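Okay, here's what each chain looks like letter by letter:
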Amino acid sequence: MKLIENWFSERYSDNLQLSFRVSDQLLSIKTDYQRIDLFDTYDFGKLLAIDGTVQLTERDEYIYHELITMVPYHLTQKAPESALIIGGGDGGAARRLLDLGLRRIVNVEIDDQVVEVSKRFFPNLSSAFSDSRVKLLIQDGIKYVKNTEEKFDLIIIDSTDPEGPAEGLFSKEFYADTKRIMNQGAVLVSQSGSPFYQPKAIKLAYSGMKEVFNDVRVYTGFIPTYPSGFWSFTVASPWTMKPRPVSISGKYFNAEVMDGSFKLPQFVKDLIT
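Residues numbered from 1 in each chain as written. Predicted model: local features only at pLDDT ≥ 70, side-chain atom pairs only at ≥ 80, totals over all residues. Heavy atoms only, no water.

Bringing the overall build of the protein into the picture now. Regarding its fold elements, the protein presents nine helices and twelve strands. Over its C-alpha trace the protein gives a radius of gyration of 18 Å, about what one expects of a compact globule, namely 19 Å for 273 residues. For the C-alpha atoms alone, the extent of the protein along its principal axes is close to 55 × 45 × 35 Å. Counting all 273 residues of the protein, 55% fall into the buried class. Of the contacts formed within the protein by residues at least 6 apart in sequence, a portion of 67% connects residues at least 24 apart. (Helix = DSSP H or I, 4+ residues; strand = E, 2+ residues; numbered from the N terminus. Rg over C-alpha atoms; globule rule 2.2 N^0.38 Å. Buried < 20%, exposed > 50% of the residue type's maximum accessible area, 1.4 Å probe, protein only. Contact = heavy atoms within 4.5 Å.)

Structure representation (structure tokens):
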């Protein structure tokens, strides 16, 4: 990814892109799975991009990581003690789960270079990997879920969009494998893209989960640096999910967000019906 006039742009379509003015390009590497770029931006601090799409920025990463962890945390039948993270090589989801008091976290990331880049440039997030409660495995998450005998209270699919190596993480077959390794009352959650610009992702996640799980719901949040700023997550369980009282707030997440994030605009409802 070469800079043009010191701007990095994520292209949403042939006619639209979001651009960040950058002070420096800190890294650009091609791994066995994807291209990783790192920029220092004026307004959002360090920005991590994979295959040209924004994954996180220093300024707003907390919103995504709180939404993908704290909402499902409050949907399990009891406070979860164990979690599986598929993807999440930056460490942000694991870091938040540690803050929530989980005792055992298995984090399965396919690309070790994502982890190395995070350790170098996002030490606050990657510090999770040096905690004894976190077991980091560099391997294919789909194969791990198919073969493991461990079971979990919470499963988080913190992946890139359903293209390339992440495509299988949105399949009915994968969701069926996750169901096998869920403890009583457990919940699974996946990021499911921008309802406005990436309707394919939310449709894939919702329809795939509906074929496997008893209770499937979509919730949304505001993440400034993601396409349209309006982002979706799809959560599912073999059991009926009943929100537990919100006991912990974050910088973004609180009891009102827990309730309001499930109030969907009609066009999003139409996507999943």
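Before going further, it helps to spend a moment on the pairing of strand β5 (residues 53-57). β5 sits mainly inside the fold: four of its five residues count as buried. Here strand β4 (residues 45-50) pairs with β5 via four bridges, running antiparallel. Opposite I50, over in β5, you have T53 as the bridge partner. In this structure, the hairpin formed by β4 and β5 is closed by a connection of two residues, where D51 is found at a positive phi of approximately 50°. (Pairing = 2+ DSSP bridges.)

This next bit is on the pairing of strand β9 (residues 152-158). Of all seven residues in β9, seven are buried, a share of seventy percent or more. Looking at chain direction, strand β6 (residues 82-87) and β9 are connected through five bridges and run parallel. Paired with G87 across the bridge in β9 is D158. The sheet contact formed by β9 and strand β10 (residues 182-191) spans five bridges and is parallel. Of the residues in β10, the one forming a bridge with I155 is L188.

Note on aromatic pairs: each is described by the distance of the centres and the angle between the planes. Using the criterion set out here, one finds 13 aromatic pairs in the structure. Grouped by ring-pair contacts, the aromatic residues Y64, Y219, Y226, W231, F233 and F262 constitute a single cluster. The aromatic ring of F44 is capped on one face by R59, whose charged end is 5.3 Å from the ring centroid. (Phe/Tyr/Trp six-rings, centres within 6.5 Å; stacked < 30°, edge-to-face > 60°. Lys NZ or Arg CZ within 6 Å of the ring centre and 35° of its normal.)

In a structure, side chains of opposite charge can pair up when their charged atoms sit close to one another. Counted under the stated rule, the structure contains eleven salt bridges. Note that E58 is salt-bridged to K46, the shortest N-O span being 3.1 Å. Linking E58 in the loop between β5 and α1 (61-73) with K46 in strand β4, this pair joins segments that are twelve residues apart in sequence. Residue classification places E58 among the partly exposed positions, given a relative accessible area of 39%. By relative accessible area, K46 is classed as buried at 19%. The residue R96 makes a salt bridge to D99 at a minimum N-O spacing of 3.9 Å. Highlighted residues: R96 and D99, both in helix α2 (residues 92-99), separated by three residues, approximately one helical turn. Linked by salt bridges that have partners in common, E66, R95, R96 and D99 make up one network. (Salt bridge = Lys/Arg side-chain N within 4 Å of Asp/Glu carboxyl O.)

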